[in-house]
Amino acid sequence: MDSLTLSTAKIANGAIVCCECDLQGDITIGSRTVIHPRAKIIALSGPIIIGENNIIEEQVQIINSSETTMVIGNNNVFEVDCHVESKFIGDNNIVESKAFVGRQTSLSNGCVIGAKCEVLVAETLQEGSLFYGAGSDVKRRVQSDKPSAQGAQIEFLSKVLPNYHRIRKPLG
Amino acid sequence: MTHLFKSEKVQYLCTCGSLKPLCRTYFCRHCLALKCGECVFHEVDILYCSNCLENVPPGEARVKKNQCSECFECPVCDQLLLTRATNIQIPSAEDSSKLVPKKMFYLVCGFCRWTTREAGLPDQPSATGSWPDSDNVNSVRVGALLEHYRSLAQLDKFEKEQKRQLKRRSNYLSFTADKYSLSALAARKRSGLPFAGSLGMKKETPQIYKVEPAVASEETDDALDPDIFTKVLTLSNVTTIDQRIRQPERQPVKSEDLIPIHKFLSVRRSQRCRFCEHNLSKPEYNPSSIKFKIHLGAFYHVPDVIIYRLARDDMQLRLCNRSQYPTHVRLLSLDQFALIAHSKIDELERSCGEAEKEKKSASSMVGHELCESPATQAANLKSCLRNAFKEKVNVVLQLPNEPILLPARDDLAEYELTAPQNLKEDPKAVLWRKGNKVVISAPLTVIDDELEDKRTGFVFEFGAVRAGFETKEVQPQPTNVYIPVFISLGKI
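Attention here is on the structure that accompanies the text. Everything numeric in this text was worked out from a predicted model, so none of it was measured. (Residues numbered from 1 in each chain as written. Chains lettered and ligands numbered in written order. Predicted model: local features only at pLDDT ≥ 70, side-chain atom pairs only at ≥ 80, totals over all residues. Heavy atoms only, no water.)

Some words on the overall build of chain B
Working step 1: Check the secondary structure of chain B and you find seven helices and 22 strands.
Working step 2: Buried positions account for 36% of the 492 residues belonging to chain B.
Working step 3: Across chain B, contacts joining residues at least 24 apart in sequence account for 65% of those joining residues at least 6 apart.
Working step 4: Carbon and sulfur atoms provide 53% of the accessible area of chain B, an area that totals close to 31,700 Å². (Helix = DSSP H or I, 4+ residues; strand = E, 2+ residues; numbered from the N terminus. Buried < 20%, exposed > 50% of the residue type's maximum accessible area, 1.4 Å probe, protein only. Contact = heavy atoms within 4.5 Å. Areas by Shrake-Rupley, 256 points an atom, 1.4 Å probe, with all protein chains shown as cover.)

Pasting the structure below:
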């Protein structure tokens, strides 16, 4: 339980970060971002900067194992049990459940990594690209419909999560 | 994925000679033999859509090309398409200046997020039944060709019918016409005139539907776009071969031409014994029901053998009887089975000779008689012997000799605390008994140590009641059924 140790995460006002999530290292979290309990954000060697309006669900592992900064933009959704090591993630992306995004991949805007897809390709993904399939048999295509914003979900979570979990106090 | 009963270690020998686990076989209660999926007839019972569970009669299915009219599949990834609604503002019917929300529907794939908007299909105002069908460019030509060949087939049939009439007629006439002076017809035949419509035959021969022969041309419709040599190809705009072939009428080359495909209907099948033509498995009519009208799985009729404990020189087997009748089980080694089988075959062949004296041939017997006839039983035993000895066995078991009683399955037995009956059994052979389960001990002797994978086999003899005899007065007598069982022990 991390509520006893002093965490060095810089949490902006308005962000909902549950106490039971595992934050290690130099992490900055933007406002209105919701981090569910049991998420793991581990900045091993380099810092992690998370933007605004993101949803990071349970069992998500966001790990920065290199020394450069890892930047995550706004309005992203990280669904349950996904594993992200990518250095740069733009806005409006969705990483679905149990997906794996490798260290050399960078997501631009509006990308969707489908459930259980392993994306290890060393490139910056085109805007709106979509990966689907299972495991290593992953196919890609570009979609024209951008994923919709999660504003309603974030509002709902902001009201409900504090009723059931302890929330870390934002600094500043 | 492991399964509770689908053990690949203990396999039963089916009548066709293949080894299957017990839960994959059927037990024909007329032939008293195991039948597996490969030696039964599979018949189409009903056609239904696996999404909307709608029953489709076969005639209607043929018209709709075996596709469901309401459910669609994604052309990109072959998953089911879900209907989603959006609200748009349109001017209302009464007052064109006021905007009212209206629900418009579009289809989206849950797996790859393909939507009908990507194909350029406009959102539909109604949730079901209004998505446009693919138009077949060649449908007119294909229809004309079909008509042509259908008329050819009709002409063939007519000519064959005529020839048959002629042949039959000629015999008939030659025997009877001159005798009984059916002279009008005889006169017509002699004069060579064709028959009048006295038998309801049509006067005019069917016409052949004329169709234009196809003209070969050098240019084809689906020529490669010359831009492919000059412009950079974006792979996401081009369909894969799988996607193209899934819609054979249109075969779109560009991704934006992909439209939703109607979902294909699934088949519910029923199984029928090949020999006696009785049904082994017949599902209910309702597609959403998982029950069966007839369900003769071997799991419920033949006692089940499981390896209970296995050591280098000792094995314990658990036998479980899941049928409604108690049965006496005997485990025979393959040699013992051979002796018993040979003596039985001789006995049956003797009685077979007597049955022939009563002039009953195999072709005239149906159903019960066929299954019970000595000739059939002898043939079954012979093939069973032959199949059993084809399997290689390198471990020998020492099996208990006396018959072991296996009580019937009794669901109430769990709640009864009475001790099992006092049976005179060798305590070294029968180790443990509870309800309808018995554990017996079978010490092993390895006879051939060359191969690492050890296999052993024995023949299961148990009493089964032949179907068709259940009357209230007479308790049906069980007949002995022999089923070879082979166990792969792996490395011991």
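On we go from here.
A word on the overall build of chain A
Working step 1: Summing up its helical and strand segments, chain A has one helix and 19 strands in all.
Working step 2: The C-alpha atoms of chain A give 15 Å as radius of gyration, which agrees with the globular expectation for 172 residues (16 Å, within 12%).
Working step 3: Here the C-alpha coordinates of chain A stretch approximately 45 × 35 × 25 Å along the principal axes.
Working step 4: When burial is assessed residue by residue, chain A has 48% of its 172 residues classed as buried.
Working step 5: Residue pairs at least 24 apart in sequence account for 13% of intrachain contacts in chain A once pairs closer than 6 positions are excluded. (Rg over C-alpha atoms; globule rule 2.2 N^0.38 Å.)

Considerations on the nonpolar core
Working step 1: Formed by 34 residues in total, the largest nonpolar core has its most connected members in B:Tyr12, B:Phe27, B:Val302, B:Phe458, B:Phe460 and B:Phe462.
Working step 2: Listing elements by their share of this core, those giving two or more residues are strand 1 (10–13), strand 15 (314–320), strand 16 (327–332), strand 17 (395–397), strand 18 (404–406), strand 20 (437–446), strand 21 (454–465) and strand 22 (478–490) of chain B.
Working step 3: Among residues more than four places away in sequence, those in contact with B:Phe462 are B:Phe27, B:His301, B:Val302, B:Pro303, B:Thr327, B:His328, B:Val329, B:Thr479, B:Asn480, B:Val481 and B:Ile483.
Working step 4: Residues A:Ile62, A:Ile89, A:Cys111 and A:Cys117 belong to the second largest nonpolar core, which totals 33 residues. (Core = buried A, V, L, I, M, F, W, Y, C linked by side-chain atoms within 4.5 Å.)

A word on the interface of chain A and chain B
Working step 1: Listed by partner, the interface residues are 11 residues for chain A and 11 residues for chain B.
Working step 2: Linking chain A with chain B are one salt bridge, by the criterion used here.
Working step 3: Where chain A touches chain B, the interface holds one residue pair in polar contact (both at pLDDT 80 or more).
Working step 4: The element that contributes the greatest number of residues to the side of chain A that touches chain B is strand 18 (residues 129–134) of chain A, accounting for three residues.
Working step 5: Residues of the side of chain A that touches chain B, tallied by class, amount to five nonpolar, three polar and three charged. (Salt bridge = Lys/Arg side-chain N within 4 Å of Asp/Glu carboxyl O. Polar contact = N/O pair within 3.5 Å; in protein donor to acceptor, adjacent residues only side chain to side chain. Nonpolar A, V, L, I, M, F, W, Y, C, P; charged D, E, K, R; others polar.)

Some details on the sheet that holds strand 10 (residues 70–72) of chain A
Residue and element names in this part refer to chain A.
Working step 1: Reading across the sheet, the five strands line up as 1-4-7-10-13 and stay open at both edges, with parallel pairing between neighbours. On the outer flanks of this sheet lie strand 1 (10–11) and strand 13 (88–89), each paired with one strand and no other.
Working step 2: Here strand 10 pairs with strand 13 via two bridges, running parallel. Bridge pairing in strand 13 places Val-71 opposite Phe-88. (Pairing = 2+ DSSP bridges.)

Things to note about the state of the cysteines
All names here are of chain B.
Working step 1: Taken as a whole, this structure holds zero disulfides over all chains when the rule is applied.
Working step 2: In this structure Cys-49 is a free cysteine whose sulfur lies 3.5 Å from that of Cys-52, the closest cysteine sulfur available.
Working step 3: For Cys-49, a relative accessible area of 0% puts it in the buried group.
Working step 4: Counting only cysteine sulfurs, Cys-52 is the nearest neighbor of Cys-71, a cysteine outside any disulfide, at a range of 3.5 Å. (Disulfide = S-S within 2.5 Å.)

Describing the environment of B:Ser217
Residues and elements named next belong to chain B.
Working step 1: With respect to the element layout, Ser-217 can be found in the loop between helix 3 (183–191) and helix 4 (241–246).
Working step 2: A relative accessible area of 56% means that Ser-217 is categorised as exposed.
Working step 3: Note: C-alpha distance between Ser-217 and Cys-49 (168 residues apart in sequence) is 42 Å.

A short note on the pattern of salt bridges
Residue and element names in this part refer to chain A.
Working step 1: As enumerated under the stated definition, the model contains 16 salt bridges over all chains in all.
Working step 2: With a closest N to O distance of 3.1 Å, Lys-98 and Asp-81 form a salt bridge. Highlighted residues: Lys-98 in the loop between strand 14 (94–95) and strand 15 (100–101) and Asp-81 in the loop between strand 11 (77–78) and strand 12 (83–84), separated in sequence by 17 residues.
Working step 3: For Asp-81, a relative accessible area of 25% corresponds to the partly exposed category.

Re the sheet that holds strand 6 (residues 55–56) of chain B
Working step 1: In spatial order, the strands read 6-5-11-12-13 (chain B); together these five strands make up an open sheet with antiparallel pairing. Every interior strand has two partners, whereas the edge strands, strand 6 and strand 13 (292–295) of chain B, have only one.

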